[in-house]
Amino acid sequence: MSESCPTLRRDGDQVVILDQTRLPHEEHYVHLHDLDSAATAIRDMQVRGAPLIGATAAFGVALALHHAADDDALHLALDVLRATRPTAVNLHWALDRMRAALAPLPPSARSAAAWAEAEAIQRDDAAANGRIGNHGLAALRPLATTGRPLQLMTHCNAGWLATCGHGTALAPIYAAHDAGMDIHVWVSETRPRNQGLLTAWELARAGIPHTLIADNAAGWLMAAGRVDAVIVGADRIAANGDTANKVGTYLKALAARAHGLPFYVAAPRSTIDFACPDGPAIPIEERAGDEFRLIHGIDGQGRLQSTRIAGADAAICNPAFDVTPAALVTGIICEFGIMPPDALASLQTP
Ligand code: MRU
């Protein structure tokens, strides 16, 4: 990946995003020019992944204030963006940071300050990613054995597509690869939206050996001794260490525990919600049934197509996330080190 953020960048008074709904089939960039286009990009998952959602929301505030910057415009922007996706707490963290920076200023000073604060959020996330990569590498090194690759498993996409830097769960994987470690990554497909395909696309570009698996294959691979550790990202970590991440994470954590495998969660401090006491208090997004009924791919002519696999009237339950209890988490890899999940209070700033 390039050193600047390829998923989200300022272009004058607009913002350019990489449209993740078209990946891995098409690399297509979209210009966001106002509050509504930023909110739509988050809601429709053109941008996705907790840290990137937060950064996009920050730029959404800057886009809104570029047009009008009085108190009503600021509060409208914060409210509209806050309502886009409920689970990733980085969204609220970024909007709170924007409000704290902008509300005390006179309207005439807000637009420039909003761009500056959004860019600072982006830089801070990239720096946190780098530190997560280094701390995670320290956790992976002792797991390596000579004579065969270290077998890692991940779920969803927590790489550079999902953040402003090298990713969270994938940052230690990139660091291990850069350090010359012999690794192989099992990438679970992540139904229904198939974010695993994004992870495979990232890893292929980096030349990191990996293999896609159906989500349901994870337990069997662990039972067969073909996995050494699991590492995933997070969308919201409660104060007690319970962790919300892409649906399917919980099953991997259960299987990892059953087979005595380390299960790491990698996330920046902005993903920890100290106001949320535990997993049951985390709001879990339920998305439209068509995400399940329709699958997307390319046809023989290379054109993006949708195919219906369930009837339009089929009853669907589509929770986008699940919660892994802290007791199943070996450690939370953040920019400050690897924390036991029951020791997050030490990261809380007064
Ligand atoms: O619904 P998504 O694709 O936004 O969900 C993304 C995830 O669950 C990621 O694992 C999480 O946000 C961590 S991204 C660094």
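Being a predicted model, the structure only gives us computed values, none of them experimental.

About the cut-offs
Along each chain, residue indices are assigned from 1 in the same order as the chain's sequence is written. For a predicted model such as this one, the threshold for reporting local features is a pLDDT of at least 70, and the threshold for listing and counting side-chain atom pairs is 80 or more; totals across whole chains, interfaces and linings nevertheless cover every residue. Calculated side-chain values reflect all of the structure's heavy atoms, with hydrogen atoms and water omitted. Fitted lines through C-alpha atoms give the axes, limited to the stretch in contact for helices. The angle between two N-to-C directions lies from 0 to 180 degrees. Only runs of H or I of at least four residues qualify as helices and only runs of E of at least two qualify as strands under DSSP, and these elements are numbered from the N terminus. Our angle categories are set so that under 35 degrees counts as roughly parallel, over 145 as roughly antiparallel, 65 to 115 as roughly perpendicular, and the remainder as oblique. Take the far helix as the reference: if the near one is turned anticlockwise from it by less than a right angle, the crossing is left-handed, and if turned clockwise, right-handed. Should any heavy atoms of two residues lie within 4.5 Å, those residues are counted as being in contact. Any residue that is not Ala, Val, Leu, Ile, Met, Phe, Trp, Tyr, Cys, Pro, Asp, Glu, Lys or Arg is counted as polar, Gly included; the first ten are nonpolar and the last four charged. Here a Phe, Tyr or Trp ring, Trp counted by its six-membered ring, pairs with any other such ring whose centre lies within 6.5 Å, and the pair is stacked when the planes are under 30 degrees apart, edge-to-face when over 60, and tilted otherwise. When a residue's accessible area, from a 1.4 Å probe over protein chains only, is under 20% of the maximum for its type it is buried; when over 50% it is exposed; and in between it is partly exposed. Two N or O atoms form a polar contact when they lie within 3.5 Å of each other; inside protein one atom must be a possible hydrogen donor and the other a possible acceptor, and for residues adjacent in sequence the pair counts only when both atoms belong to side chains. Being near a molecule or strand, for a residue, means having at least one of its heavy atoms within 4 Å of it. By definition, a salt bridge exists where a carboxyl oxygen of Asp or Glu is found within 4 Å of a side-chain nitrogen of Lys or Arg. For the domain bounds, the source is a domain assignment made automatically or taken from a database. Take the accessible area each of two parts loses on contact, using a 1.4 Å probe, and add the two losses: that sum is the buried area.

## Observations regarding the packing of helix α6 (residues 170-178) against helix α7 (residues 195-206)
Between α6 and α7, the least distance of the axes is 12 Å, while the angle of their chain directions is 20 degrees. As judged from the angle between their axes, α6 and α7 are roughly parallel. Crossing geometry of α6 relative to α7 is assigned as right-handed. Counting all contacts with α6, which are made through Leu170, Ile173, Tyr174 and His177, the residues of α7 involved are Thr199, Glu202, Leu203 and Ala206. The class makeup of the residues in the contact of α6 with α7 is five nonpolar, two polar and one charged.

## Brief notes about the packing of aromatic side chains
Two measures describe an aromatic ring pair: the distance that separates the ring centres and the angle between the ring planes. A complete count under the given rule lists two aromatic pairs for this structure. Relative to Trp115, the ring of Phe59 lies with its centre 6.1 Å away and its plane at 55 degrees, an arrangement referred to as tilted. One end of the pair, Phe59, is in helix α2 (residues 50-67); the other, Trp115, is in helix α5 (residues 107-140), with 56 residues separating them in the sequence. As far as the burial class goes, Phe59 and Trp115 line up, both buried.

## Section: the side chain of Gln151
Structurally, Gln151 is set in strand β4 (residues 150-155). There is a polar contact of 3.3 Å between the side chain of Gln151 and the side chain of Trp186. Ignoring any residue separated from it by four or fewer positions in sequence, one finds Gln151 in contact with His184, Trp186, Arg226, Val227, Asp228 and Ala229.

## Digging into the site of the ligand
Close contacts around the ligand come from 19 residues, with Arg48, Arg85, Asp235, Asn245 and Lys246 the closest. Here Asn245 contributes a side-chain N or O atom positioned 2.6 Å from an oxygen atom of the ligand. Residue Lys246 places a side-chain N or O atom 2.7 Å away from an oxygen atom belonging to the ligand. Listed by contribution, the elements that provide at least two residues to the shell around the ligand are α2 and β9 (243-246). The residue inventory of the shell around the ligand, partitioned by class, reads eight nonpolar, seven polar and four charged.

## Observations concerning the pattern of salt bridges
Inspection of every chain in the model, using the stated rule, returns 16 salt bridges. Between Asp228 and Arg148 there is a salt bridge whose closest N-O contact spans 2.8 Å. Of this pair, Asp228 sits in the loop between α8 (218-223) and β7 (229-232) while Arg148 is found in the loop between α5 and β4, placing the two residues 80 residues apart along the sequence. We classify Arg148 as partly exposed; its relative accessible area is 33%. One continuous salt-bridge network, built from bridges that share partners, spans Arg85, Arg193, Glu285, Arg287 and Glu291.

## Details of the domain arrangement of the chain
When its domains are assigned, the chain resolves into domain 1 (8-127) and domain 2 (138-347). The straight-line distance from the C-alpha centre of domain 1 to that of domain 2 is 25 Å. Taken together, the 29 residues of domain 1 in the interface contact 36 residues of domain 2. Of the roughly 2500 Å² buried between domain 1 and domain 2 on both sides combined, carbon and sulfur atoms contribute 59%. Counting every contact that joins domain 1 to domain 2 gives two salt bridges. Linking Glu285 and Arg85 is a salt bridge whose minimum nitrogen-to-oxygen distance equals 2.9 Å. Applying the counting criterion to the domain 1 and domain 2 interface returns 14 residue pairs in polar contact (both at pLDDT 80 or more).

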